[in-house]
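In case you want the letters, here they are:
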Amino acid sequence: MLTILFDGIAYGMLLFILAVGLSVTMGLMNFINLAHGAFAMAGGYITVLLMQRLDVPFLLCLPLAFLGSALIGAVLERTLYRPLYNRPHLDQVLFSIGMVFMATASVDFFIGSTQQIIQLPEWLKGRTELGTGDWVLGMGHYRLFIIAVCVALTVALQYVLSRTRFGSRLRASVDDQRVAAGLGINVNMVFLTTFAVGSGLAGLGGALGAEVLGLDPNFPLKFMVYFLIVVAVGGTTSISGPLLAALLLGIADVAGKYYIPKLGAFIVYALMIAILIWRPQGLFVRQGGK
Amino acid sequence: MNAQQSLLQKSSFKWWEILLWIALLSSPAWLPKHALIINEIAIVALFAVSLDLILGYTGIVSLGHAAFFGLGGYAAGLLAKHITPDPLLGLAMGTAVATVTGAVMSLTIMRGNDLTRLMVTLGFALILFELANKLDWLTGGADGLQGVVMGPVLGRFEFDLYGQTSAFYSLSVLAVCFVLLRRVVHSPYGATLMAIRDNRLRAMAIGIPVTRRLSSVYTLAAAVAGAAGVLMTQTTGFASLDLFDIHRSADVLLMLVIGGTGWLYGGILGAVVFKVMQDVLSSITPQYWTFWLGLFLVVLVMVGRERLNNPRSWFSSKASKETAA
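So, how was this worked out
Residues numbered from 1 in each chain as written. Chains lettered and ligands numbered in written order. Predicted model: local features only at pLDDT ≥ 70, side-chain atom pairs only at ≥ 80, totals over all residues. Helix = DSSP H or I, 4+ residues; strand = E, 2+ residues; numbered from the N terminus. Buried ≥ 20, exposed ≤ 12 C-beta atoms within 10 Å, placed from the backbone. Contact = placed C-beta atoms within 7 Å. Nonpolar A, V, L, I, M, F, W, Y, C, P; charged D, E, K, R; others polar. Expected span 1.5 Å × (residues − 1). Bend = angle between axes of the 7 residues up to and from the residue. Core = buried A, V, L, I, M, F, W, Y, C linked by C-beta atoms within 7 Å. Axes fitted to C-alpha atoms, helices over the stretch in contact; angles between N-to-C directions. Parallel < 35°, antiparallel > 145°, perpendicular 65-115°, else oblique. pLDDT = per-residue confidence, 0-100. Left-handed = near helix turned anticlockwise from the far one by under 90°.

Attention now goes to the overall build of chain B. What chain B contains, in helices and strands, is 16 helices and zero strands. In terms of its C-alpha atoms, chain B occupies a principal-axis envelope of roughly 55 × 45 × 45 Å. Buried positions account for 48% of the 325 residues belonging to chain B. For chain B, long-range pairs separated by at least 24 residues make up 74% of all intrachain contacts whose partners lie at least 6 apart in sequence.

And the structure:
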């Protein structure tokens, strides 16, 4: 049972890293970006290609995946996304679905539709067991590694958001764009940086998750729903909201699939709808924002 | 001309509409080779028109409209398989199931913002997809519901292999629904819907019962989508998980956008363009046609979808600035 909890937490942390960028950009720019998964896929494929074709070690691939996706994100933000910030949500949905279709088809065309496999280094392959009987806790080393990386990232993000000057600018822009701009904050720059970092984190999550979630050209469509659940349930005004939502989702999903496989993903969706009817703005929202 | 006349004139049938419907309804007779695709277009056109009712006229963004399409389809399929093969009873049954579900689900779209609604509608379609997948004793699971044999329409017209009967049947249902919906959107009721779309707060302030309007129009749209699903199952003799697929919800959204939201012919125009485009593109590049679809979407949004239906604005740069602002 503890093992399931552990796997659920690892899965949830991974979802959090994948979705946190989406949550911040959605709160910041009020932009419904269904193409977020495409950045995660980009990170995953960067890792796979570097490892397979150039024999770059796994640990070095992770920062490269982050940088690569962040760069793609920055370029796209500047060229394609920015004109759409003030457009109706329907336009944004259509645009980002179009981006997903293009990303999926291009990856299919250039790399092929087979599922990609990542060769983990030896020291990440094992498994440690603690305790006995019903309370045995089996920890895959790779999942432990994922949790460690994600916890470190979460702490770093929280620090940046709450303690640094950039963090306070970001929070000011999320609360009220116009007043923030009036106070002399370069809101466009804040947007660009945030979008790039968010895409980079998605890329990193994609690279980390390639082994756990599976990586094929349909990745953005398959996991789009999960990212959106995290954001919709967690709310877009803080990062603790999406974190708790992601953990909840991860544990519910793993436990649901283990105990009642017949119902499968059913539980997650039903839970989401129930929560959204109960608290339409998300579970954890701070009052007073816009 | 007084005010009443000018208002009534808007809702009266124009000469080109009558010609168009004569052409549409007789199309299987003069294009017998394309009867199958005409049938398919008629079905998705009906589906797109139903989405237009909530998206174009009322402003509810939904990514899960396929839920009702699938419900209607499965209900009709099960009825035909286990109880009676009569198509019209199936149509009534499928529509009724979708209507009831739509009425219940309309409670979920009242609160929250666009994102919440998007997620709730999407989630509902996914739940139904999972249900249809897992309840395999009832629905056949991933293999689909097989062995649906339909009786003749009205007891006289047998379904044939070339799709003649199917096409006439679907077109007639489309025509009946269209005339009904046309009446609805031109009525005072329809005007209140557009008021809600344009400014919900003001609509509330002038005394429009917003909640009641939203739930009734969502129910109506669900009913029409259910009817479209019924036609799909009955004319193909098969119901599969594909009816609930997220692709279907996205495609219908796309059709509506191509044809233009907020006028009923948009759904029909969009369905024709989309199906023909899909046919042509997938015969050129069967595997990668979604790329061109995606590119088309991105360009469409970038250029501004209002301009697509307003050819005069293609050549003046002033119009583009107005729509972008």
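Let us look at the interface of chain B and chain A. Chain B puts 30 residues into the contact, and the matching count from chain A is 35 residues. Looking at the side of chain B that touches chain A, the elements with two or more residues in it are helix H6 (114-134), helix H12 (246-259) and helix H14 (289-303) of chain B. If one sorts the elements of the side of chain B that touches chain A by residue count, H6(B) sits on top with 13 residues. Residue composition of the side of chain B that touches chain A, grouped by class: 18 nonpolar, seven polar and five charged.

An α-helical turn contains 3.6 residues, so any two residues separated by three or four positions project in the same direction. Residues and elements named next belong to chain A. An ideal rise of 1.5 Å per residue puts 22 Å on 16 residues; helix H9 (residues 219-234) measures up with 22 Å between its terminal C-alpha atoms. If you look at H9, its biggest bend is around 30°, right at Val225. In terms of residue burial, H9 counts as a mostly covered element, since 15 of its 16 residues are buried. The first or second residue beyond H9 is Gly235, which carries a positive phi of 80°.

Core analysis: the biggest nonpolar cluster contains 190 residues, and A:Val230 and B:Leu46 have the highest contact counts within it. Leaving out residues up to four positions away in the same chain, B:Leu46 has contacts with B:Val173, B:Leu174, B:Cys177, B:Val224, B:Ala227 and B:Ala228.

For the rest of this paragraph, the subject is the environment of B:Thr235. All names here are of chain B. Residue position: Thr235 is located in helix H11 (residues 210-236). As a C-alpha pair, Thr235 and Ala271 span 36 residues in sequence and 18 Å in three-dimensional space. Residues contacting Thr235, with those up to four places away along its chain left out, are Asn39, Ser166 and Ser170.

Residues and elements named next belong to chain B. Look at helix H9 (residues 188-198) against H11: their axes get within 10 Å of each other, and the N-to-C directions meet at 110°. Classified by the interaxial angle, the pair formed by H9 and H11 is roughly perpendicular. Where H9 abuts H11, its residues Thr192, Leu193 and Ile196 lie against Val210, Arg213 and Val217. Classifying every residue of the contact of H9 with H11 by side-chain character gives four nonpolar, one polar and one charged.

The predicted structure's coordinates, where accompanied by low pLDDT, should not be read in detail. Residues at a pLDDT of 70 or more form 92% of chain A, whose mean pLDDT is 81. Mean pLDDT per element in chain A: strand E1 (residues 127-130) of chain A is the minimum at 70, and helix H3 (residues 58-81) of chain A is the maximum at 86.

All names here are of chain A. Between helix H2 (residues 36-54) and helix H8 (residues 187-213), the least distance of the axes is 6 Å, while the angle of their chain directions is 55°. With respect to each other, H2 and H8 are oriented oblique. Here the hand of the crossing between H2 and H8 comes out right-handed. Only Ser199, Ala202, Gly203, Leu204, Gly205, Gly206, Ala207 and Ala210 of H8 make contact with H2, whose side of the interface consists of His36, Phe39, Ala40, Met41, Ala42, Gly43, Gly44, Ile46, Thr47 and Val48. By residue class, the composition of the contact of H2 with H8 is 10 nonpolar, eight polar and no charged.

Residues and elements named next belong to chain B. By the element assignment, Gly123 lies in helix H6. Judged by local crowding, Gly123 falls into the buried class, with 26 C-beta atoms found within 10 Å. Taking the C-alpha atoms as reference points, Gly123 and Gly64, separated by 59 residues in sequence, lie 7.4 Å from one another.

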